[in-house]
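Coordinate analysis (summary)
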Amino acid sequence: MCLPLVGAFSLTALSGCGPAPAPDDPEERDGRAVQRMLDQRAAAVRERDTDAFLATVDRGATRYLAEQRRVFRQMAAVPLRSWTYRLVRTGGFRTAPVGGRSLAAQVELRYRLKGYDTAPVVSAQYLTLARRDGRWYVASDDGVVNGKRGMEQLWDQGTVDVVRGAHSLVLGVGQDRRVLRALAGIADRAVPVLGQVWPHEWAGRVVVEVPVSLGRMAALLGASADGYRGIAAVTTGEVGGAGDEAPADRVIVNPEAYQVLGDFGRRVVITHETAHVATRTATSASTPLWLSEGFADWVGYRTPGRTPRHIAPELTDAVAAGQLPAALPRDDDFRFGSDPDRLSRAYEQGWLACRLIADRWGERKLVDFYRAVGRAPERSGAVESALRKVLGVSLTEFTALWRKYVAAELA
């Protein structure tokens, strides 16, 4: 039987904001006690102290205790720079049945990988806490809020194998180490490519995660596997930000799609994703997907040896059938899980739009245009304004040039 929801609790009261709580306010006392336990738990992770970590787990939750012991062991090789928990609030979901008093805790995990992350990965956790002998312990992390569970991490899936490259860190579960080393080599070559075309500051490093299957990849993304079938890799991380606010990115590989690619395809995929990492702080809600994905593809396909007809087969077939696109693709055209031909054409159209800019105005102008769009305060009018300021053309004029370019390149 599920226990009742516990009332909401906010840590803002502890910082002096809002009305002062009563000295014996039980919710405030619980909040401070929970945060102390979470601090002890985080310190145990940073110090690799198994006993101290397990001391924060409810001994009555035998299955969860065994799982936590296993997870702690599985992340032993992960190079951590920092690891902290913050109690966001209590309540909001039904606690697991633990017997005695329980508490639903929404917690924010923040961690960085040593030598690679300039900002933390931020992940939500929904914990059931149990009170035993005057102390709080973690009894479960299976809470559900708005239909979503806390984000899964790679070490939740199995023992993490680590390969360090010159510019990369590859973390894998259930993978042959030779595969991870080869991936690190490709990522190491991708980073200097970005150095050639993106003259703006970025970390110059990339972190790649390789789960054992498509299903486990989807779990890392908190999504359905169907939406990523046939997608070789994706990059996580919120757009925008700078300095300490810049988000930490992860390139997540779908091993089932990645392994069927040839050497050229693998280089394109990893270079494409590395481009997303490099341009993340210049990408905002104002940036349309045709530009962010098209730019990443333009970087990925800069290696000579492939013609536009080879790179854009779906769009080539459409043009041959008299179906020249009338306008640049919309964001909806890039939706994973949609018609795969439509998705391919959207990527190909975005790539050719960016290639047109680089060919006609120069690579530096393409970068300037990208950054100008990302700096716009809102999506509406962002592309039009940047086209006029950077390239000296209107959106109507650019679209007409792009349609002629597509027709000529794919003839």
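Residues numbered from 1 in each chain as written. Predicted model: local features only at pLDDT ≥ 70, side-chain atom pairs only at ≥ 80, totals over all residues. Heavy atoms only, no water.

Observations regarding the pattern of salt bridges
- Throughout the structure, instances matching the rule amount to 19 salt bridges.
- The partner of Asp176 in a salt bridge is Arg178, with the nearest N and O atoms 2.8 Å apart.
- Since its relative accessible area comes to 36%, Asp176 is described here as partly exposed.
- Using a relative accessible area of 59% as the deciding quantity, one classes Arg178 as exposed.
- Of the charged contacts in the structure, one is a salt bridge between Arg388 and Glu384, with a shortest N-O distance of 2.8 Å. Here the residue Arg388 and the residue Glu384 both occupy positions in helix α13 (residues 382-391), the gap between them amounting to four residues, near one helical turn.
- Through salt bridges that share partners, Arg86, Glu108 and Arg110 make up one connected network. (Salt bridge = Lys/Arg side-chain N within 4 Å of Asp/Glu carboxyl O. Buried < 20%, exposed > 50% of the residue type's maximum accessible area, 1.4 Å probe, protein only. Helix = DSSP H or I, 4+ residues; strand = E, 2+ residues; numbered from the N terminus.)

Some remarks on the environment of Arg86
- Here Arg86 lies in strand β2 (residues 80-90).
- Looking at Arg86, the relative accessible area reads 39%, which means it is partly exposed.
- Residues Arg86 and Ala278 lie 192 residues apart in sequence; the distance between their C-alpha atoms is 29 Å.

Examining a positive patch on the surface
- Taken together, the side chains of Arg59, Arg69, Arg70 and Arg73 present a region of like positive charge at the surface.
- Along the chain, Arg59 falls in the loop between α2 (50-54) and α3 (62-74). (Patch = residues over 30% accessible without salt bridge, like charges linked within 9 Å, V, L, I, M, F, W, Y side chains within 5 Å. Areas by Shrake-Rupley, 256 points an atom, 1.4 Å probe, with all protein chains shown as cover. Lys, Arg positive; Asp, Glu negative; His and termini not counted. Charge placed at Lys NZ, Arg CZ, Asp CG, Glu CD.)

Regarding the packing of helix α11 (residues 340-361) against helix α14 (residues 395-409)
- Between α11 and α14, whose axes approach to 10 Å, the crossing angle comes to 100°. Looking at the two axes, α11 sits roughly perpendicular to α14. Judged by residue contacts, Gln349, Leu352, Ala353, Arg355, Leu356, Ile357, Asp359, Arg360 and Trp361 of α11 engage Phe398, Leu401, Trp402, Tyr405, Val406 and Glu409 from α14.
- Its residues placed into classes, the contact of α11 with α14 shows ten nonpolar, one polar and four charged. (Axes fitted to C-alpha atoms, helices over the stretch in contact; angles between N-to-C directions. Parallel < 35°, antiparallel > 145°, perpendicular 65-115°, else oblique. Contact = heavy atoms within 4.5 Å. Nonpolar A, V, L, I, M, F, W, Y, C, P; charged D, E, K, R; others polar.)

Focus on the nonpolar core
- By size, the foremost hydrophobic cluster in this structure holds 122 residues, and its most contacted members are Trp83, Phe369 and Phe398.
- Element by element, the count of residues in this core is highest for α11, at ten residues.
- In this view, Phe398 contacts Trp290, Leu328, Ala353, Leu356, Ile357, Trp361, Leu387 and Val393; residues no more than four positions away in its chain are not counted. (Core = buried A, V, L, I, M, F, W, Y, C linked by side-chain atoms within 4.5 Å.)

So, the pairing of strand β5 (residues 135-140)
- When you tally the buried positions in β5, you get five out of six residues, the bulk of the element.
- In this structure, strand β4 (residues 121-132) lies alongside β5, joined through five bridges in antiparallel fashion. Pairing of Arg132 across the sheet is with Arg135, part of β5.
- Between β4 and the antiparallel strand that follows it, β5, lie two residues; Asp133 among them carries a positive phi value of about 50°. (Pairing = 2+ DSSP bridges.)

Considering the packing of aromatic side chains
- Following the criterion strictly, the structure yields 16 aromatic pairs and no others.
- Their ring planes at 80° and their centres at 6.2 Å tell us that Trp83 and Tyr85 sit as a pair that is edge-to-face.
- Since its relative accessible area comes to 4%, Trp83 is described here as buried.
- The exposure class assigned to Tyr85 is buried, which follows from its relative accessible area of 6%.
- Between the aromatic rings of Trp83 and Trp155, the centroid separation amounts to 6.0 Å while the plane-to-plane angle is 50°, which identifies the pairing as tilted. Here Trp155 lies in the loop between β5 and β6 (161-164) and Trp83 lies in strand β2, a separation of 72 residues in the sequence.
- Overall, the relative accessible area of 3% leaves Trp155 in the buried class.
- An aromatic cluster is built from Trp83, Tyr85, Tyr111 and Trp155, whose rings are joined through pairwise contacts.
- Lying across the ring of Phe264, Arg306 places its NZ or CZ 4.0 Å from the centre.
- In this structure, Arg360 is placed above the aromatic ring of Trp361, and the distance from its NZ or CZ to the ring centre is 5.4 Å. (Phe/Tyr/Trp six-rings, centres within 6.5 Å; stacked < 30°, edge-to-face > 60°. Lys NZ or Arg CZ within 6 Å of the ring centre and 35° of its normal.)

Topic: helix α1 (residues 26-46)
- The first and last C-alpha atoms of α1 sit 30 Å apart over 21 residues, in line with the 30 Å expected at 1.5 Å per residue.
- Count one or two residues on from α1 and you reach Arg48, which has phi positive near 55°. (Expected span 1.5 Å × (residues − 1).)

Here's the deal with the environment of Trp361
- By the element assignment, Trp361 lies in helix α11.
- What makes Trp361 partly exposed here is its relative accessible area of 22%.
- Expressed as a C-alpha distance, the spacing of Trp361 and Leu391, which sit 30 residues apart in the sequence, is 7.2 Å.
- Other than its neighbours up to four places away in sequence, Trp361 contacts Leu356, Leu391, Val393, Phe398 and Leu401.
- Looking at Trp361, its side chain comes within polar contact range of the main-chain oxygen of Leu391, at 3.2 Å. (Polar contact = N/O pair within 3.5 Å; in protein donor to acceptor, adjacent residues only side chain to side chain.)

What to know about the sheet that holds strand β10 (residues 251-253)
- Spatial ordering of the open sheet is given by β6-β7-β8-β10-β9, a layout of five strands whose pairing is mixed. Two strands close off the open sheet at either side, each with one partner strand: β6 and β9 (233-235). Ignoring which end each strand starts from, the neighbouring axes of this sheet average 20° apart.
- Pairing between β6 and strand β7 (residues 168-172): four bridges, direction antiparallel. By the bridge assignment, Val162 is partnered in β7 with Leu171.

Treat this as a map of the structure, not an account of what it does.
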